[in-house]
Amino acid sequence: MATAKKKCRQYSIDYLKYGFVPSEADKQLPMCLLCNKVLSNDSMKPSKLEDHLKRCHTDKIGKDLKYFQTLKEKYGKRPTMHSMFASTSQSNDDGLRASYNISLLIAKSGKPHTIGEQLILPAVEEVLKTVLHKSPFDVLKRIPLSNNTVQRRIDEMSSDIESFLCNHLQKTHFSIQLDESTLPSNEALLLAYVRFIVEEEIHEELLFARTLETDTKGESIFNVLSNFFTEKSIPFTNIISVATDGAPAMVGRYRGFISHLKRIIPGLTAIHCVIHRQHLVAKHLSDRLNQSLHFVIKAVNKIRSNALNTRLFAQLCDENDEDFQRLLLHTEVRWLSKGACLTRFYSVFDSILEFLESRDPDLKENLIKFKADIAYLTDLFKKFNDINLQLQGDSLNLIKTKGIISAFLGKLKFMKQNISRREFSQFPNLSQVECIDEDIHTYSQHLSALHDDFKTRFEDILTMDIPPWIINPFDETEVANVVLQEELLELSTNEELKVKFRKGYPTFWLQAEIPEKYPGLWEIARKFLIAFPSSYLVERSFSAVTNLLTKKRSKLNITERGDLRLLLTKIKPNIDRLLTLHQIHPSH
């Protein structure tokens, strides 16, 4: 007996009142305009379509036919992946543009160049075949992403950005920060960052990465900078300030880098990185506090240096319902390491004592004995970490820096006064520990010594004279210089410029009209706005270099290749210009 042929239902225009249209993939299947769900052919009848509307879209019951006609029109006009790919393929250079854009993404991610062929192209192929049901060959052959191609694209875009940057620095004033560090391959790498103004905004960009061929003395550093400036035709006189880490090679009176630079630019403002100075102050500990810190580091190393101890301690913390199960190692070169190590250590202090009870009873007794010291150091280094973070960042200027430094100096004096009278509100961990008079005396002396050391190291910042008219040019202020007073009077009555003052004094002074109309005032104000207070950016860049030079990419030439610049830059390369320099070749 022959099997009855299954009936195939056809779409009717009347089904639109239930919100259904024929599916684009198969016209014999109904698709809901509200949720884009495609139903089976068996559902192609009014009762089932109406049932879907009532069950899934109760708020749309009662809508008239016009409402669904509007939805149908919007659905027909929507952009689709197929139409986007079709329009993209119309232009011959679109594949080349995609190659540049993808290479830029690879550089920004810091990934190896082979990821283009190994991951990105296969992923695009899978999307084209699986989602769009389109042959990937025509699209993929237009996007060259071989290892060498990606490298060339990155180098070309980096060169384009460097050309734009150097051309701009030839005609504008800027500040610079430099630092050198030794790479794992024992190469000495010198990095330089610049801060300048473009279109009424402050920008910070990597100027160069160069290798110091022999020694790292001040003269060698100066020669590298001088050769770069000569090669790029950048005048030294455009530099208004320089920030360094304060190392002897940088700040030496006779042979330091800055001394060489000041022979060319006598009026140069030299700044010792405020973050390095704060870190040096934080190292100031008495013998007793240094011993207490030593016990903490010894306990951390005892647990972390042994794999079994690490696992057993994690198990103990889990049983004790601790928030953390792992201690942090202390690394001297990392600014926030000591504070983070102490904070984690004190948060699991009781579990550490329990763990050491059978493994190192003497160390346990020492930790109990100096618990007050550990609590004090934990609270204090938390405050040091807070100010360190405030001194980091891209938008910090000398005015903000002075405010942060002055505030912390006042806090140190206030903390010393409070702790002397057993007021522990600024030391939450110490307030939970019983302190004897000898402890209070030790902490009071330490805070007093920190205050004096802080004041000495930051004397130049604290005594820096900031004209009040920079903060508020519309306040009634008198200056001794007649020319400046005349410019200030004219500026304070300019209602058009006053509008931007509401957004803050930096935005106000960066207006393009200021240097033209008030050159005397601008020459003073720009130093406070453009100068680098720290060498934070080059320090951060060294971390980026470390991330790039992984074990599998150890032979990447940081100074010759463009990977580092594209990873760090905020300037967009001129891809349109680069496209005009190329003849299009398909991928192979």
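Residues numbered from 1 in each chain as written. Predicted model: local features only at pLDDT ≥ 70, side-chain atom pairs only at ≥ 80, totals over all residues. Heavy atoms only, no water.

Enquirer: Is there a simple way to think about helix α18 (residues 398–420) in this case?
Expert: Note that an α-helix has 3.6 residues per turn; residues three or four places apart therefore point the same way. The first and last C-alpha atoms of α18 sit 33 Å apart over 23 residues, in line with the 33 Å expected at 1.5 Å per residue. Those residues of α18 lying buried are Leu-398, Ile-399, Thr-401, Lys-402, Ile-404, Ile-405, Phe-408, Leu-409, Leu-412, Met-415, Asn-418 and Ile-419. You can read the cap of α18 off the contacts: a side-chain oxygen lies 3.0 Å from the backbone nitrogen of Ile-399, and it is on Asn-397. (Helix = DSSP H or I, 4+ residues; strand = E, 2+ residues; numbered from the N terminus. Expected span 1.5 Å × (residues − 1). Buried < 20%, exposed > 50% of the residue type's maximum accessible area, 1.4 Å probe, protein only. Polar contact = N/O pair within 3.5 Å; in protein donor to acceptor, adjacent residues only side chain to side chain.)

Enquirer: Sorry if this is basic, but what is going on with the packing of aromatic side chains here?
Expert: For any pair of aromatic rings, geometry is given as the distance between the ring centres together with the angle between the planes. As enumerated under the stated definition, the model contains 21 aromatic pairs in all. Seen in terms of ring centroids, Tyr-11 and Tyr-15 are 5.6 Å apart; in terms of plane orientation they differ by 85 degrees. Their pairing is edge-to-face. The exposure class of Tyr-11 is partly exposed, given its relative accessible area of 22%. Geometrically, the ring pair formed by Tyr-346 and Phe-349 is tilted, given 5.7 Å between the ring centres and 35 degrees between the ring planes. Assigned by exposure class, Tyr-346 and Phe-349 land together as buried. (Phe/Tyr/Trp six-rings, centres within 6.5 Å; stacked < 30°, edge-to-face > 60°.)

Enquirer: Before we go on, may I ask you to explain the pattern of salt bridges in this structure?
Expert: Side-chain pairing between opposite charges can occur once the charged atoms of the two side chains come close. The tally for this structure, following the rule as stated, stands at 21 salt bridges. For Glu-162, the salt bridge identified is with Arg-565, shortest N-O distance 3.2 Å. Of this pair, Glu-162 sits in helix α7 (residues 147–169) while Arg-565 sits in helix α28 (residues 563–568), placing them 403 residues apart in sequence. The burial state of Glu-162 is the same as that of Arg-565; both residues are buried. With its nearest N and O atoms 2.8 Å apart, the salt bridge here joins Asp-373 to Arg-288. In this pair, Asp-373 is assigned in helix α17 (residues 371–391) and Arg-288 in helix α12 (residues 287–304), connecting sequence segments 85 residues apart. Judged by its relative accessible area of 0%, Asp-373 is buried. A single salt-bridge network, built from bridges that share partners, covers Glu-162, Glu-231, Lys-232 and Arg-565. (Salt bridge = Lys/Arg side-chain N within 4 Å of Asp/Glu carboxyl O.)

Enquirer: Where do I start with unusual backbone geometry in this structure?
Expert: In most cases, non-glycine residues show a negative phi, while peptide bonds are predominantly trans. In this structure, Asn-186 is a non-glycine residue whose phi angle is positive, near 70 degrees. Residue position: Asn-186 is located in the loop between β3 (174–182) and β4 (188–198). Positive phi values are uncommon outside glycine, yet Glu-200 reaches one of about 65 degrees. Residue classification places Glu-200 among the partly exposed residues on the basis of a relative accessible area of 33%.

Enquirer: Is there a simple way to think about the environment of Leu-567 in this case?
Expert: One can find Leu-567 in helix α28. As a C-alpha pair, Leu-567 and Val-281 span 286 residues in sequence and 33 Å in three-dimensional space. Look past the residues within four positions of Leu-567 in its chain and what remains in contact with it is Ala-107, Lys-108, Gly-110, Ala-544 and Leu-548. (Contact = heavy atoms within 4.5 Å.)

Enquirer: Just checking my understanding: could you explain a negative patch on the surface for this structure?
Expert: A cluster of acidic side chains, namely Asp-318, Glu-319, Asp-321, Asp-323, Asp-350, Glu-354 and Glu-357, defines a negative patch on the protein surface. With respect to the element layout, Asp-321 can be found in the loop between α13 (307–319) and α14 (337–347). (Patch = residues over 30% accessible without salt bridge, like charges linked within 9 Å, V, L, I, M, F, W, Y side chains within 5 Å. Areas by Shrake-Rupley, 256 points an atom, 1.4 Å probe, with all protein chains shown as cover. Lys, Arg positive; Asp, Glu negative; His and termini not counted. Charge placed at Lys NZ, Arg CZ, Asp CG, Glu CD.)

Enquirer: Quick question: what am I supposed to make of the layout of surface pockets here?
Expert: If a probe the size of a water molecule is rolled over the atoms, the empty space left behind becomes visible. By volume, the second largest pocket amounts to about 330 Å³. Taken together, 18 residues make up the lining of the second largest pocket; nearest its centre are Glu-162, Ala-209, Arg-210, Thr-559 and Glu-560. Those elements that provide at least two residues to the lining of the second largest pocket are α7, β5 (201–212) and α28. Sorting elements by how many residues they give to the lining of the second largest pocket places β5 first, with five residues. Across the lining of the second largest pocket, the residue classes tally to six nonpolar, five polar and seven charged. (1 Å grid on protein atoms, 1.4 Å probe; cavity = no way out; pocket = protein on both sides within 12 Å on 5 of 7 lines; lining within 4 Å. Points joined across faces, edges and corners; volume = space filled by probe spheres on them. Nonpolar A, V, L, I, M, F, W, Y, C, P; charged D, E, K, R; others polar.)

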